[in-house]
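Given next are the chains, with one letter for each unit.
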Amino acid sequence: MSNNLHRGAYPHTRLRRLRARDFSRRLVREHSLSCDDLILPLFVIEGRGETQKVTSMPDVERLSVDLLAKKAKTLLQLGIPAVALFPVVDPAHKSDDARAAYDPDGLAQRAVRELKNAAPELGVITDVALDPFTSHGQDGLMDNSGYIVNDDTVEVLVQQALSHAVAGADVVAPSDMMDGRIGAIREALEREGHVNTLIMSYAAKYASAYYGPFRDAVGSAGNLKGGSKASYQMDPANSDEALHECALDLQEGADMIMVKPGMPYLDVVRRVKDELKVPTFAYQVSGEYAMHCAAFDNGWLNRELVILESLTAFKRAGADGILTYFAEEAAQLLQD
Ligand code: PBG
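Here the structure is a predicted model, which means the values were calculated and not measured.

A. Quick peek at the packing of helix H9 (residues 266-276) against helix H11 (residues 303-317). H11 packs onto H9 with a crossing angle of 30 degrees between their chain directions and a minimal axis gap of 8 Å. When the axis of H9 is compared with that of H11, the two are roughly parallel. Across the interface between the two elements, Leu 266, Val 269 and Arg 270 of H9 pack against Ala 313, Phe 314 and Ala 317 of H11.

B. Layout of the UniProt feature "active site" (unreviewed entry) in the protein chain. Under the UniProt annotation, the feature "active site" (unreviewed entry) is placed at Lys 205 and Lys 260. These annotated residues cover 56 residues of sequence, and their C-alpha atoms all fall within 4.9 Å of one another, placing them together at a single site. With respect to the secondary-structure elements, Lys 205 resides in strand S7 (residues 198-205). By C-beta crowding, Lys 205 is classed as buried, having 27 other C-beta atoms within 10 Å. Residues in contact with Lys 205, not counting those within four places in the same chain, are Ser 175, Met 177, Gln 233, Met 234 and Lys 260. Inspection of the secondary structure puts Lys 260 in strand S8 (residues 256-260). Setting aside residues no more than four positions away along its own chain, Lys 260 makes contact with Tyr 202, Lys 205, Tyr 206, Ala 282, Tyr 283 and Val 285.

C. Quick peek at the UniProt feature "binding site: Mg(2+)" (unreviewed entry) in the protein chain. Per the UniProt record, "binding site: Mg(2+)" (unreviewed entry) is annotated on Glu 245. For Glu 245, a count of 22 C-beta atoms within 10 Å puts it in the buried group. Setting aside residues up to four positions removed in sequence, Glu 245 forms contacts with Ala 203 and Ala 204.

D. Local environment of the site of the ligand. The environment of the ligand is made up of Asp 127, Ala 129, Asp 131, Asp 139, Ser 175, Asp 176, Tyr 211, Phe 214, Arg 215, Lys 229, Val 285 and Ser 286. Tallied by class, the residues present in the shell around the ligand amount to four nonpolar, two polar and six charged.

E. Quick look at the pairing of strand S4 (residues 82-87). When you tally the buried positions in S4, you get five out of six residues, the bulk of the element. Sheet topology note: the strand S1 (residues 38-45)/S4 ladder contains six bridges and is parallel. Across the sheet, residue Val 44 finds its bridge partner in S4, namely Pro 87. Alignment of S4 against strand S5 (residues 123-128), held across four bridges, turns out to be parallel. The residue of S5 that forms the bridge with Ala 82 is Gly 123.

F. Here's a closer look at the pairing of S7. Where burial is concerned, most of S7 is hidden: seven out of the eight residues are buried. Taken together, the two bridges between strand S6 (residues 171-174) and S7 define a ladder with parallel strand orientation. Following the sheet pairing, Val 172 is matched in S7 by Ile 199. Taking the sense of rotation as the criterion, the β-α-β connection linking S6, helix H6 (residues 181-191) and S7 turns out right-handed. Here four bridges tie S7 to S8, and the two strands are oriented parallel to one another. Bridge pairing in S8 places Met 200 opposite Met 256.

Conventions used here
Residues numbered from 1 in each chain as written. Predicted model: local features only at pLDDT ≥ 70, side-chain atom pairs only at ≥ 80, totals over all residues. Axes fitted to C-alpha atoms, helices over the stretch in contact; angles between N-to-C directions. Helix = DSSP H or I, 4+ residues; strand = E, 2+ residues; numbered from the N terminus. Parallel < 35°, antiparallel > 145°, perpendicular 65-115°, else oblique. Contact = placed C-beta atoms within 7 Å. UniProt positions renumbered as here; feature names shortened; annotations may be inferred. Buried ≥ 20, exposed ≤ 12 C-beta atoms within 10 Å, placed from the backbone. Near = placed C-beta within 6 Å. Nonpolar A, V, L, I, M, F, W, Y, C, P; charged D, E, K, R; others polar. Pairing = 2+ DSSP bridges. Right-handed = clockwise from strand over helix to strand, strands pointing away.

Listed below in structure tokens is the structure:
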């Protein structure tokens, strides 16, 4: 008698019935990952035929511009819609005013031109932020007290974004977290006739310790003065604030918004998607990549299965697309 009491709807309802066969699992699957969801971040270096390994990011290579163009063709064949470019700037070109950021012939600008030339259909997203170009490795200009000043930084960001648009970037992606930069960039793009240049705003970007390997990859870690970016990036403890940030950036003219990092912040992705209902992206950042690779390389996790599971989780959380260093491999896995 008593063991019937706790059975609820069973055996009338057996959730395992739909899980018993592959066809029915496929029919009721709520979310799916496709190559259309993937954006590959790429690190660009000077030179020709040059590749460099990134110690803290196994299998990730910095590529010279000519190799980037080759890579673009492979990515197109795999059905990957877009790449996000990050230049690795020679220390000689770093300065306090970050003027190399808007050099029309800078590494990022040349990389954009070369990519659009080699593979015009591949979407090119550029990073708008000053950290590769400042001597102190912060994303903006620093005053004498070490504070990152907002409005003067925004002026430089506007020039940087414009130089990317002129070079042919399809999407500019401000990752600096200054206030008002989206509005200022949008206004400048309109004024200069770049009406179809998209803005993907790193709107809810947290002051995260998961960016460590990226800072190694672009060479901004060693010189990061002050260590922290907490005076402009968001406090990991907040999520109401993420909605505020995203809503403002949309109002200022962003076409797409991003939450970053990814997996530890999937609750934020879900809230943003539910409340704002706009194209929402998430970044599976360098630390997440490194963490996964460490477990794969030790044989502790199954590489293929975990890559696909981790990316599917972003889709389930409501992301329209994912920036991930696994993009190429995931696209290959999805093809097989
Ligand atoms: C810099 C920038 C960072 C990332 C993307 N753009 C690092 C930072 O803010 O310090 C991180 C990406 C990653 O960790 O994969 N504006």
